[in-house]
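Fold and contact review
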Amino acid sequence: MATANGEQQTRHQEIGHKSLLQSDVLYQYILETSVYPKEPEPMKELRDITAKHPWNIMTTSADEGQFLNMLIKLINAKKTMEIGVYTGYSLLATALALPDDGKILAMDINRENYVLGLPVIEKAGVAHKIDFREGPAMPVLDELVEDVSNHGSFDFIFVDADKDNYLNYHKRLIELVKVGGVVGYDNTLWNGSVVAPADAPMRKYVRYYRDFVLEFNKAIADDPRVEICQLPVGDGITLCRRIK
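Here's what I pulled together on the structure shown here.

Cut-offs and rules
Residues numbered from 1 in each chain as written. Predicted model: local features only at pLDDT ≥ 70, side-chain atom pairs only at ≥ 80, totals over all residues. Heavy atoms only, no water. Helix = DSSP H or I, 4+ residues; strand = E, 2+ residues; numbered from the N terminus. Buried < 20%, exposed > 50% of the residue type's maximum accessible area, 1.4 Å probe, protein only. Core = buried A, V, L, I, M, F, W, Y, C linked by side-chain atoms within 4.5 Å. Contact = heavy atoms within 4.5 Å. Phe/Tyr/Trp six-rings, centres within 6.5 Å; stacked < 30°, edge-to-face > 60°. Lys NZ or Arg CZ within 6 Å of the ring centre and 35° of its normal.

This next bit is on unusual backbone geometry. Of note, Asn 76 is a non-glycine position whose phi angle comes to about 55°, a positive value. Structurally, Asn 76 is set in the loop between helix 3 (62-74) and strand 1 (79-83). Looking at Asn 76, the relative accessible area reads 64%, which means it is exposed.

Below is the structure:
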């Protein structure tokens, strides 16, 4: 990629990168200066393994993994949930940040992908924190909501799953996260398509989920039960802090 003055730029090397930064060189600077030098060795190993997987675009980027790890520590989370695991990069970021007796309820429809990263998670000594459930998350959430003892019991929840169900997830998760707790929804800027004209060229999957993301973003902004912060990290992450 050439700059205006004819100099060559080097494209970033981050697999699964969805950064909305217009400059690849700037993004690579962030990775090399602030992210990679501080990345725990198990996360680097899992990132390298995931890079070889044919669906690696689904992974959480390294800068977002760093952000999640820091966030968990800042809010002193102990009981968490993750919907959408893939090979477990974001899951590992969370597990490493939790105290030794911390817990993560993790759900994904594909155990095979999770098993790919499990040896790294085990080697990192954090597998005991994870309760992995294979299958759709909705039935598990409904079961949790039915038991009032689960209401307000989660400190942090991260959602990186089917965008057409984000509102359905939110309806249930707002009951499960504690007042003052945080729910993070990934991909809320959806490849930048949220500001693209409806007839703009898009990949099929981007176009399919675009309207669901737009609907979710509007609904969450109008929800009086949460205060929100949408960040251009990765593909956009919206943090919802429950206030009532």
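Let us now look at the nonpolar core. Judged by nonpolar contacts, the single largest core of 33 residues is most densely connected at Leu 91, Leu 92, Tyr 114, Ile 121, Ile 130 and Phe 156. Take this core: its biggest share by element is 6 residues, from helix 4 (residues 89-97). The contacts of Phe 156, once residues within four sequence positions are left out, are Leu 68, Leu 71, Ile 72, Ile 75, Ala 77, Lys 79, Thr 80, Met 81, Val 182 and Gly 184. Core analysis: the next-biggest nonpolar cluster, separate from the first, contains 25 residues, Val 159, Ala 161, Ile 174 and Phe 216 among them.

Per the stated rule, a full pass over the model turns up 8 aromatic pairs. When the ring of Tyr 166 is compared with that of Tyr 185, the centres are 5.5 Å apart and the planes differ by 50°; the resulting orientation is tilted. Residue Tyr 166 is found in helix 7 (residues 166-176), and its partner Tyr 185 is found in strand 5 (residues 177-186); the two are separated by 19 residues along the sequence. Here Tyr 166 and Tyr 185 have matching classes, each one buried. Taken together, Trp 190, Tyr 205, Tyr 208, Tyr 209 and Phe 212 form an aromatic cluster joined through their ring pairs. Sitting over the face of the ring of Phe 154, Lys 79 holds its NZ or CZ atom 4.5 Å from the ring centroid.

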